[in-house]
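Spelled out, the chains give:
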Amino acid sequence: MAHDCSRPTVSEGIYPFDARGIAKRFRHAAIFGALEALQPGETMRFCNDHDPLPLLAQINGYFGQRVQISYVQREPGEIVIDFLVAG
């Protein structure tokens with residue numbers, strides 16, 4: 001079943017982040033700020049309209065093993081990625 005980003009009802013420790021509503025020029029700064037704010041063991045569930053491969057490379061380069069990246073949904077126009085902060 002596909003994840004519905006318009007319904008941010010998630011388990012404790014999972015925080016929704018819908019990038020589609022953020023102006024493009026602010027997105028990367030907002031995403032990095034949100035990741036910095038997470039505590040170990042917490043997850044940011046990221047929703048976007050495209051696969052952000054350059055962003056994922058930047059996150060991996062900056063955070064390394066501290067942030068684990070896993071796709072929840074990877075369909076054209078509907079991308080959902082979990083960013084888990086390692087504990």
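This write-up is about the structure you can find in this document.

A few words now on helix α1 (residues 24-37). Relative to the 20 Å expected for 14 residues at 1.5 Å per residue, α1 spans 20 Å between its end C-alpha atoms, a close match to the ideal helical length. Within α1, the full set of buried residues consists of R27, I31, F32, A34 and L35. Buried positions along α1 lie against β1 (14-18), β2 (43-48), α2 (53-63) and β4 (78-85).

In this section: the nonpolar core. Within the largest apolar cluster, 18 residues are counted, with the highest numbers of intra-cluster contacts made by F17, I31, L35, M44, F46, I59 and F83. If you list the elements that add at least two residues to this core, you get α1, β2, α2 and β4.

Below, the discussion takes up the packing of α1 against α2. Where α1 contacts α2, the two axes come as close as 12 Å, and the packing angle between them is 40°. Of the possible angle classes, the one that applies to α1 and α2 is oblique. Where α1 crosses over α2, the two elements pack in a sense that is right-handed. Contacts between α1 and α2 involve H28, I31, F32, L35 and E36 from the first element and L55, Q58, I59, Y62 and F63 from the second.

Here the focus is the packing of aromatic side chains. If you walk through the whole model with that rule in mind, you get five aromatic pairs. Seen from their ring centres, F32 and Y62 are 5.6 Å apart, and the 75° between their planes marks the pair as edge-to-face. Of this pair, F32 sits in helix α1 while Y62 sits in helix α2, placing them 30 residues apart in sequence. Looking at Y62, the relative accessible area reads 51%, which means it is exposed. Three or more aromatic residues link up through ring pairs in this structure, and these residues are F17, F46 and F83. One cation-aromatic arrangement involves R74 over Y71; the distance from NZ or CZ to the ring centre is 4.1 Å.

Definitions and limits used
- Residues numbered from 1 in each chain as written.
- Predicted model: local features only at pLDDT ≥ 70, side-chain atom pairs only at ≥ 80, totals over all residues.
- Heavy atoms only, no water.
- Helix = DSSP H or I, 4+ residues; strand = E, 2+ residues; numbered from the N terminus.
- Expected span 1.5 Å × (residues − 1).
- Buried < 20%, exposed > 50% of the residue type's maximum accessible area, 1.4 Å probe, protein only.
- Contact = heavy atoms within 4.5 Å.
- Core = buried A, V, L, I, M, F, W, Y, C linked by side-chain atoms within 4.5 Å.
- Axes fitted to C-alpha atoms, helices over the stretch in contact; angles between N-to-C directions.
- Parallel < 35°, antiparallel > 145°, perpendicular 65-115°, else oblique.
- Left-handed = near helix turned anticlockwise from the far one by under 90°.
- Phe/Tyr/Trp six-rings, centres within 6.5 Å; stacked < 30°, edge-to-face > 60°.
- Lys NZ or Arg CZ within 6 Å of the ring centre and 35° of its normal.

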